[in-house]
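Residue-level structure breakdown
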Amino acid sequence: MTQQAQIIQGSIVAIVTPMFEDGSVDWKGLEKLVEWHIEQGTNSIVAVGTTGEASTLSMAEHTKVIKEVIRVANKRIPIIAGTGANSTHEAIELTKEAKDIGADAALLVTPYYNKPTQEGLYQHYKAIAEAVDLPIILYNVPGRTGVDMLNETVIRLADISNIVGVKDATGDVPRGKELLDGLQGKEMVVYSGDDATARELIALGAQGNISVTANIAPKIMSELCAAAIAGNTDLAKEKDAQVAKLNNILFCESNPIPVKWALHEMELIGTGIRLPLTPLAEQYRTPLREELKAAGVIQ
């Protein structure tokens, strides 16, 4: 295992980007969230991932959000910058900026929409890794991007020294086990990218969970990951059961619509979200509120 990968373990929140009603970034709100996560035991933060609305932030905003998260965290926990793009050139530029402003690692989603081949995916990540001396975590979420990076491609990329991890958001545990088995002897770690199956994947050898649910239940997710990594199966199952229904309802509409509404309900952020995403539909609000109460997140 690489030194960089050893640092980043446990519950890793894919943090939302708080916004005002007009869609402008709420910088004070972001600072408040980062402080809250550190206090609640979150082990690491991904700034400007999918949940952080990376696709609707300008390049300048993108960098500024990462910089602000790094500033507030002040080296207390590692910060992973979301720097993926469907243009290799753009991904290199974003990753260079992340390195320059002090990110501990970069998380790069597979190029979306243009549907590269497996060779294209390999060359994309190889080019970024060679261009920027920063620990890189691959991110495969075929349900969102329309492209699936196969396990063989991930295993091939593991031979590149600064590609240190992969976020597997397929939700397919047997496939995740195959990946973990295929990476035996290589210096790459696996993270779950699917809250509903994270406990199972960690039990098989994953090093943590890059989480949506951790936005609203950071303490529970931190305890769940710690228990699963330590092999404390009973406690991990207990914590998992506490948030199981929450994990599901947070995807009743496209992420991060439900999680931002939940954080507003918890009085942690305002109501802002950027088009083409819209606030949570009325019919989902009461069921989500009920699950927040059931999980003990709100009274």
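Each value, and the rule that gives it
- Residues numbered from 1 in each chain as written.
- Predicted model: local features only at pLDDT ≥ 70, side-chain atom pairs only at ≥ 80, totals over all residues.
- Heavy atoms only, no water.
- Helix = DSSP H or I, 4+ residues; strand = E, 2+ residues; numbered from the N terminus.
- Rg over C-alpha atoms; globule rule 2.2 N^0.38 Å.
- Contact = heavy atoms within 4.5 Å.
- Areas by Shrake-Rupley, 256 points an atom, 1.4 Å probe, with all protein chains shown as cover.
- Lys, Arg positive; Asp, Glu negative; His and termini not counted.
- Charge placed at Lys NZ, Arg CZ, Asp CG, Glu CD.
- pLDDT = per-residue confidence, 0-100.
- Buried < 20%, exposed > 50% of the residue type's maximum accessible area, 1.4 Å probe, protein only.
- Axes fitted to C-alpha atoms, helices over the stretch in contact; angles between N-to-C directions.
- Left-handed = near helix turned anticlockwise from the far one by under 90°.
- Nonpolar A, V, L, I, M, F, W, Y, C, P; charged D, E, K, R; others polar.
- Core = buried A, V, L, I, M, F, W, Y, C linked by side-chain atoms within 4.5 Å.

So, the overall build of the chain
When its secondary structure is counted, the chain shows 13 helices and eight strands. Against the 2.2 N^0.38 benchmark of 19 Å for 299 residues, the chain shows a C-alpha radius of gyration of 18 Å, consistent with a compact globule. Seen through its C-alpha atoms, the chain measures out along the principal axes to roughly 50 × 45 × 35 Å. Relative to all contacts within the chain whose residues are 6 or more apart in sequence, the contacts with residues 24 or more apart total 72%. If you sum the accessible surface of the chain, you get close to 12,600 Å²; carbon and sulfur atoms cover 49% of it. Of the charged side chains in the chain, 27 are positive and 38 negative; the average position of the first set lies 2 Å away from that of the second.

Concerning the confidence of the model for the chain
Per-residue confidence for the chain averages 96 on the pLDDT scale, and 98% of its residues sit at or above 70. In the predicted structure, residues 1-5 sits below a pLDDT of 50 and forms 12 contacts with residues beyond four places in sequence or in another chain.

A few points about the environment of A169
Secondary-structure assignment places A169 in the loop between β6 (163-168) and α8 (173-182). For A169, a relative accessible area of 14% gives the class buried. Expressed as a C-alpha distance, the spacing of A169 and R144, which sit 25 residues apart in the sequence, is 9.6 Å. Setting aside anything within four residues of it in sequence, one finds A169 in contact with Y139, N140, V141 and G193.

Notes on the packing of helix α4 (residues 88-100) against helix α5 (residues 118-131)
Across the interface, α4 lies against α5 with an axial gap of 10 Å and an inter-helix angle of 30°. As α4 runs across α5, the sense of the crossing is right-handed. Where α4 abuts α5, its residues T88, A91, I92, T95 and K96 lie against H124, A127, I128 and A131. Tallied by class, residues from the contact of α4 with α5 come to five nonpolar, three polar and one charged.

Comments concerning the nonpolar core
Judged by nonpolar contacts, the single largest core of 51 residues is most densely connected at I216, L246 and L288. Within the residue set of this core, elements represented by two or more residues are α2 (27-40), β2 (44-47), α3 (59-73), β3 (79-82), α10 (218-230), α11 (233-249), α12 (257-265) and α13 (282-294). With six residues, α3 is the largest single contributor of residues to this core. The next biggest cluster of nonpolar side chains, apart from the first, holds 34 residues, and it includes L157, V166, L180 and A206.

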